[in-house]
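Spelled out, the chains give:
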Amino acid sequence: RTSGAARARADTMSQGWAQQPQQGYGGPGGEYYSPNPTPMPAYNPASGPGQDVHYRGGGAGANAGPMGGPGGMDGFGIPGGIPISPKSLARVGFGAYGDKVLGAGQAYYAKYFGGGAARYYFDVTEAYVWNKLKLVACPFLHKGSWARIPEQVAGGLTFKPPRNDINAPDLYIPLMGFWSYVLAASTLQVRRGEFSPEGVAVHASWAMVLWATEAVFVWMALRSLSSSHNHISAPMMDLAAYTGYTFVLVAAALATKILNLPGWTHLLSGGWGALASAVFMVKTTKRIIFSEARSHGFDGNRHNYVLLLLAGLQFPLHFWLGSV
């Protein structure tokens, strides 16, 4: 009789444990779970300070909206639930000015990066990237023409995009090379035990300033060759692309330090990179940017001086970027 009573109590306890998930606790992922028709709401406007006002997985109470909050309002106070779109996030972060700020940002992006002018510099393929890297690293081996391929369009004459022309400038490789250089310089700091988060920002900011300075310098050099009859210049995006290929070669030279290769390998790779950059800049500038000046019979002496200056600039530039 005693054993029968103990067995009955054990059965009762096991039934109670088995029924516990039906009482609104222990749902999947720790979320609120209940089969009852009136579960705990996802939004509790009467919550006091320090209490959670937004529960996960709320049900559809009497005042619950589509996301479980009263009238469709969630814990952020936004109709329709948690804000996941940029416009909803803008409303949360900036209040009444969110739409205005977001609209201004979209207009800026559409003006400078959303048009075909910006997409042109990122219209690349894997084959183009591989061939362009070989061209930048070994410009001496390029046997073809350095001139860009023209293309006739409805608005006039333009040039083919990078995917169709190896000599076209792009910003994909320079940007990848830029961040590779920043990561390589930061990795060297880690190996020396000198790394800090601020160091990454310092490398990126100084490299960006140097990049912009070189592009502006090349632009000024071109304008110095202009006259009353001819205007010699190039789009700033083109110049940024031409000068940005430097980071690819500098990052490759820093890789020899990261791999603990002998010191002469770093000197060799750094010297090769500077020489390759000089040849690439001279070939590109002479055959592409100065083509108009040569066709109009300009004096070539000044052009040669500018080319020599641009070539000589690559050596101190590589030395400064590589001394990290």
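Above this text sits the structure in question.
The numbering scheme is per chain: residues are counted from 1 as the chain's sequence reads. Only residues with pLDDT of at least 70 get local features here, since the model is predicted, and only at 80 or more are side-chain atom pairs given and counted; chain-wide, interface and lining totals rely on the full set of residues. Only hydrogens and water are set aside; all other atoms, that is, all heavy atoms of the structure, feed into the side-chain values.

1. Comments concerning the pairing of strand S2 (residues 156-159)
Operational definition: Note on pairing: DSSP must find at least two bridges between two strands before they are called paired. Secondary structure counts use DSSP, requiring at least four H or I residues in a row for a helix and at least two E residues in a row for a strand, with both numbered from the N terminus.
The pairing of strand S1 (residues 150-153) with S2 spans 4 bridges and is antiparallel. Opposite Val153, over in S2, you have Gly156 as the bridge partner. What sits between S1 and S2 in their antiparallel hairpin is a turn of 2 residues.

2. Examining the pattern of salt bridges
Convention followed: Basic side-chain nitrogens of Lys or Arg form a salt bridge, by our definition, when they fall within 4 Å of a carboxyl oxygen of Asp or Glu. Using a 1.4 Å probe on the protein chains alone, a residue whose accessible area is under 20% of its type maximum counts as buried, one over 50% counts as exposed, and one in between counts as partly exposed.
The full count for this structure, using the stated rule, is 3 salt bridges. For Asp123, the salt bridge is made with Arg163, and the minimal N-O distance between the two is 2.5 Å. Taken together, the residues Asp123 in the loop between helix H4 (116-120) and helix H5 (126-137) and Arg163 in the loop between S2 and helix H6 (172-191) connect sequence positions 40 residues apart. In this structure Asp123 comes out as partly exposed when scored by relative accessible area, which is 23%. Judged by relative accessible area, which is 43%, Arg163 ranks as partly exposed. A salt bridge links Arg148 to Asp238, with the nearest nitrogen and oxygen atoms 3.1 Å apart. Separated by 90 residues along the polypeptide, Arg148 in the loop between H5 and S1 and Asp238 in helix H8 (residues 236-244) bring together distant segments of the chain.

3. Remarks on the nonpolar core
This is how the line gets drawn: By nonpolar core we mean a set of buried residues, namely Ala, Val, Leu, Ile, Met, Phe, Trp, Tyr and Cys, connected to one another through side-chain atoms within 4.5 Å. In what follows, residue pairs with any heavy atoms lying within 4.5 Å of each other are defined as contacts.
Ranked by size, the top nonpolar core spans 22 residues in total, and within it Tyr128, Leu239, Tyr245 and Phe280 carry the most contacts. Contributing elements (two or more residues each) for this core: H5, helix H7 (197-224), H8, helix H10 (263-289) and helix H12 (300-322). Here this core takes 4 residues from H5, the largest share from any one element. Apart from residues lying up to four places away in sequence, Phe280 is in contact with Lys132, Leu135, Val136, Pro139, Trp146, Tyr242 and Tyr245. Val182, Leu188, Trp211 and Val250 belong to the second-largest nonpolar core, a separate cluster that totals 20 residues.

4. Observations regarding a nonpolar patch on the surface
This is how the line gets drawn: Within this analysis, patches are made of residues with over 30% relative accessible area and no salt bridge. Like charges are joined at 9 Å or less; nonpolar side chains (Val, Leu, Ile, Met, Phe, Trp, Tyr) at 5 Å or less. Reported accessibility uses the Shrake-Rupley method at a 1.4 Å probe radius. Residues are deemed covered only where the shown protein chains occlude them.
A surface patch of nonpolar side chains, amounting to about 490 Å² of accessible area, comprises Phe140, Leu141, Trp272, Leu275 and Phe315. The residue Phe315 is located in helix H12 in this model. A residue is classified by how much of its surface remains accessible, and Phe315, at 41% relative accessible area, is partly exposed.

5. A short note on the packing of H6 against H7
We count it as follows: Helix axes are fitted to C-alpha atoms over the stretch in contact, other axes to C-alpha atoms as well, and angles between N-to-C directions run from 0 to 180 degrees. Angle categories are assigned with fixed cut-offs, so that under 35 degrees is roughly parallel, over 145 is roughly antiparallel, 65 to 115 is roughly perpendicular, and the rest are oblique. Handedness of a helix crossing follows the sense of rotation of the near helix relative to the far helix, less than a right angle counterclockwise being left-handed and clockwise being right-handed.
Contact geometry of H6 with H7 gives a least axis separation of 9 Å together with a crossing angle of 140°. In terms of their interaxial angle, H6 and H7 are classed as oblique. Between H6 and H7 lies a crossing whose hand is right-handed. Contact residues: Pro174, Leu175, Phe178, Trp179, Tyr181, Val182, Ala185, Ser186 and Gln189 in H6; Gly199, Val200, His203, Ala204, Ala207, Met208 and Trp211 in H7.

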